[in-house]
Amino acid sequence: MKGYRCLKCIYLTIHQPELEAPITSETQALFDQGNVVGSKAREYFPGGVLIDNKPWDFTGALAKTRELLVNSTHTIYEAAFEYLGCYARADIIQYSVETKRWRIYEVKSSTKVKPEHYDDVGLQAWIMAKSGLPIEQINIVHLNPECRYPDLSNLFKTVDVTEEIYARDSNVQAKINGIFSTIKQPEVPNIDIGPYCLQPTECGFTRHCWQQKKIPDLSIFNLPRINNRKWELYNEGIIELNDPRLTDLNELQERVINCFKTGNRFVNHKSIQAALLTWKFPLVFLDFETINPAIPRYDGCRPFEQVPFQFSVHTWLSPEKESTHKEFLHETADDPRTSLIPALLEACGENGSIVAYFGRFESERIQALADYSPQNRDALLKLINRIADPLPIIRDAVYDNSFDGSFSLKKVAPALLGELYSYNRMLVANGNDAQRAFEELISADISAQRKSILKKAMIEYCKKDTLVMVELVKWLYLQTQPIP
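The rules behind the values
- Residues numbered from 1 in each chain as written.
- Predicted model: local features only at pLDDT ≥ 70, side-chain atom pairs only at ≥ 80, totals over all residues.
- Heavy atoms only, no water.
- Salt bridge = Lys/Arg side-chain N within 4 Å of Asp/Glu carboxyl O.
- Helix = DSSP H or I, 4+ residues; strand = E, 2+ residues; numbered from the N terminus.
- Buried < 20%, exposed > 50% of the residue type's maximum accessible area, 1.4 Å probe, protein only.
- Contact = heavy atoms within 4.5 Å.
- Polar contact = N/O pair within 3.5 Å; in protein donor to acceptor, adjacent residues only side chain to side chain.
- Phe/Tyr/Trp six-rings, centres within 6.5 Å; stacked < 30°, edge-to-face > 60°.
- Pairing = 2+ DSSP bridges.
- Axes fitted to C-alpha atoms, helices over the stretch in contact; angles between N-to-C directions.
- Patch = residues over 30% accessible without salt bridge, like charges linked within 9 Å, V, L, I, M, F, W, Y side chains within 5 Å.
- Areas by Shrake-Rupley, 256 points an atom, 1.4 Å probe, with all protein chains shown as cover.
- Parallel < 35°, antiparallel > 145°, perpendicular 65-115°, else oblique.
- Left-handed = near helix turned anticlockwise from the far one by under 90°.
- Nonpolar A, V, L, I, M, F, W, Y, C, P; charged D, E, K, R; others polar.
- Disulfide = S-S within 2.5 Å.
- Right-handed = clockwise from strand over helix to strand, strands pointing away.

Engineer: Please give an account of the pattern of salt bridges that cites residues and values.
Structural biologist: For the structure on display, the rule yields 24 salt bridges. Here Arg 265 ties to Asp 400 by a salt bridge, and the two come within 3.0 Å at their closest N and O atoms. One end of the pair, Arg 265, is in the loop between helix H9 (251–262) and strand S7 (266–267); the other, Asp 400, is in the loop between strand S13 (398–399) and helix H15 (409–417), with 135 residues separating them in the sequence. For Arg 265, a relative accessible area of 38% corresponds to the partly exposed category. The network of salt bridges with common partners includes Arg 360, Glu 364 and Arg 365.

This is how it looks when you write it as structure tokens:
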């Protein structure tokens, strides 16, 4: 599949694997999630035999598959097939006694069929058919967004993609020939960078290839809201932010260009002042950490639904006073919402603006909490009406070159407040880290020492998010003061 994405990618994978970026913890978490979903899907196709050979045991997996096929096994999990050097493992295959052919079920940990799935499943089906397996039907099995816990009877949806796969079948041999031909070349293929570097996920060789093309750290690729136009500009040879041909930009993009050229920070003091006039003290700074398991585990939840398990609240009563802090962290495997909701209402109080960076996320979480808890619905909905978001103020009225074209809190805070407010070298340093830490925290086999370490790291991270917002808002208020 790397060869389908880019022939240079597959070449480097074979000949220069040391150039590939290491698997990140986020990517590994996605792999682990896929394994969990795949294992769960087998329960919906019972009575099968699992070929549990290790991924690198090609010979053993192929031999066990042949044995099961000869012995008329009707359902096989992780069956292995090979044809002319191409190898694939099928998630689930089932034999039909009536047609004497096989149905393929490829499991995807998504809530819909995605464009990239067709190539993946098509290649697998091609290998299986060429190896001699008579195929009746090809299916993609994905998570059902309509499923609600605890009723998991409809957790998966099965989509028949046979026609779509066969329509692409004539292209597979040509792609395979191109891949093998490329791998045998003495030199790295001369392939330019393109959208395939970043989609559907970032290629592990992106950094290497972009450095070869001498793409600067700040370029047209950093322009906010540039979308696919960046590739049109790149193909015209426009890469540098000071290229005079870089025109037809929106106001925000022009601001980024101007700051890059001058090296000056942009601050619109009047705009900041006008926005802050709508905020009311006490300011209550709120940040959630959430878990969104692929397989729902809490009452009424659907696949990938975000459920808060932790929050931090800093309260700034007035400009003359210091802020105070409250925190909540759920530590067990049961539903965190039951204990989180009363703690949240108590921490937020009934007065003042609730400050949340990218406040839509907090609003949506609170709305979901209100839907879950009718007895607290009115009180929770009142919180939503109080939310004030610093992000639009920053985006409209502030820009610094250190933002690198991004307005995320983790870019904005260190740029405006200094490195003291960066998240570098924290054990838990982002939301994905917090999710993985929570999964470990609530696991049955965690040691007391490890649990203590994780709790401290999780509390420090969430607390830092709201503390950073406090200091960022203080900085914004300073911009409204007369310059001496």
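Picking up where we left off.
Engineer: Break down helix H2 (residues 7–15) for me, citing the residues and quoting the values.
Structural biologist: By the burial criterion, the buried members of H2 are Lys 8, Cys 9, Ile 10, Tyr 11 and Leu 12. On its buried side, H2 packs onto helix H1 (2–5), helix H6 (162–183) and helix H7 (206–212).

Engineer: Before we move on, can you summarise the environment of Asp 160 with the specific residues and values?
Structural biologist: If you trace the backbone, Asp 160 turns up in strand S6 (residues 156–160). Sequence separation between Asp 160 and Gly 3 is 157 residues; the distance between their C-alpha atoms is 26 Å. Apart from residues no more than four positions distant in its own chain, Asp 160 is found in contact with Gln 137, Ile 138 and Asn 139. Here the side chain of Asp 160 touches Gln 137 through a polar contact of 3.2 Å, side chain to side chain. A polar contact of 2.5 Å, which involves the side chain of Asp 160, links it to the side chain of Thr 162.

Engineer: Any details on the packing of aromatic side chains? Residues and values, ideally.
Structural biologist: With the rule as written, the count across this model stands at 19 aromatic pairs. Between Phe 221 and Trp 231 the ring centres are 5.0 Å apart and the planes differ by 65°, which places this aromatic pair in the edge-to-face class. With a gap of 10 residues between them, Phe 221 in the loop between H7 and helix H8 (229–235) and Trp 231 in helix H8 connect regions that are remote in the sequence. Centroid distance Tyr 423 to Tyr 461: 5.9 Å. Interplanar angle 65°. Geometry classified as edge-to-face. Taken together, the residues Tyr 423 in the loop between H15 and helix H16 (431–441) and Tyr 461 in helix H17 (residues 448–478) connect sequence positions 38 residues apart. Here Tyr 423 matches Tyr 461 in class, with each residue buried.

Engineer: Talk me through the sheet that holds strand S3 (residues 86–96); I want residue IDs and the actual numbers.
Structural biologist: Ordered in space as S1-S2-S3-S4-S5-S6, the 6 strands form an open sheet in which the pairing is mixed. Two strands bound the open sheet, and with one partner strand each, they are strand S1 (49–50) and S6. Packed on one face of the sheet, helix H3 (residues 25–42) meets S1, strand S2 (75–83), S3, strand S4 (101–108), strand S5 (135–143) and S6 and runs near 140° to S4. Contacting S3, S5 and S6, H6 runs over the sheet at an angle of about 95° to S5.

Engineer: Residue-level account of a nonpolar patch on the surface, with values.
Structural biologist: On the surface, a cluster of nonpolar side chains totalling about 310 Å² of accessible area is made up of Ile 23, Leu 30 and Phe 31. On the secondary structure map, Leu 30 appears in helix H3. Judged by its relative accessible area of 51%, Leu 30 falls in the exposed class.

Engineer: Which residues make up the side chain of Gln 310, and what values go with them?
Structural biologist: Examined against the element boundaries, Gln 310 turns out to sit in strand S9 (residues 307–316). From its side chain, Gln 310 meets the backbone oxygen of Met 458 in a polar contact 2.9 Å long. With near-sequence residues (within four places) excluded, Gln 310 lies in contact with Asp 287, Phe 288, Glu 289, Phe 328, Leu 329, Leu 340, Met 458, Ile 459 and Cys 462.

Engineer: With reference to specific residues and values, describe the packing of helix H11 (residues 337–348) against helix H13 (residues 377–385).
Structural biologist: Between H11 and H13, the shortest axis-to-axis distance is 11 Å and the interhelical angle comes to 45°. With respect to H13, the axis of H11 lies oblique. Note on packing geometry: the crossing formed by H11 with H13 is left-handed. On H13, the residues touching Ile 341, Leu 344, Leu 345 and Cys 348 of H11 are Ala 379, Leu 380 and Leu 383. Split into classes, the residues belonging to the contact of H11 with H13 amount to 7 nonpolar, no polar and no charged.

Engineer: Any chance you could break down the pairing of S3 for me, citing the residues and the numbers?
Structural biologist: Where burial is concerned, most of S3 is hidden: 8 out of the 11 residues are buried. As judged from the 8 bridges shared by S2 and S3, these two strands associate in the antiparallel manner. Across the sheet, the residue bridging to Tyr 83 is Cys 86, located in S3. Connecting S2 to the antiparallel partner S3 that follows it, the hairpin turn spans 2 residues, and Leu 84 within it adopts a positive phi of roughly 50°. Note: S3 against S4, 5 bridges, orientation antiparallel. In the sheet register, Ile 92 faces S4, and the bridge partner there is Tyr 105. Counting the residues between successive antiparallel strands, the hairpin from S3 to S4 contains 4 residues, one of them, Lys 100, with a positive phi of roughly 60°.

Engineer: How would you explain the state of the cysteines if you had to name every residue and give the values?
Structural biologist: Inspection of every chain in the model, using the stated rule, returns 0 disulfides. The cysteine Cys 147 is free of any disulfide, with Cys 301 supplying the nearest cysteine sulfur at 11 Å. The structure places no disulfide on Cys 209, whose sulfur is separated from the nearest cysteine sulfur, that of Cys 197, by 6.2 Å.

Engineer: Help me get a handle on the pairing of S2, residues and values and all.
Structural biologist: With 7 of its 9 residues buried, S2 lies for the most part within the structure. Bridge analysis of S1 against S2 gives 2 bridges, and the strand direction is parallel. Within the sheet, the bridge partner assigned to Val 49 lies in S2 and is Ile 76. In this fold, S1 hands off to helix H4 (residues 58–70), which returns the chain to S2; that crossover is right-handed.

Engineer: Go over the sheet that holds S9, please, and point to the residues and values.
Structural biologist: Sheet architecture is open: 5 strands sit in the order S10-S9-S8-S11-S12, paired in mixed fashion. Both outer strands of the open sheet, strand S10 (324–329) and strand S12 (387–388), are each paired with one neighbouring strand and no more. Two elements, strand S8 (residues 283–291) and strand S11 (residues 354–355), share 2 bridges in a ladder whose sense is parallel. The residue of S11 that forms the bridge with Val 284 is Ile 354. Contacts between helix H12 (residues 359–372) and the sheet are confined to S8, S9 and S12, with S8 contributing the most and set at about 70° to the helix. The strands touched by H17 within the sheet are S8, S9, S10 and S11, with S9 carrying the most contacts at an inclination of about 40°.

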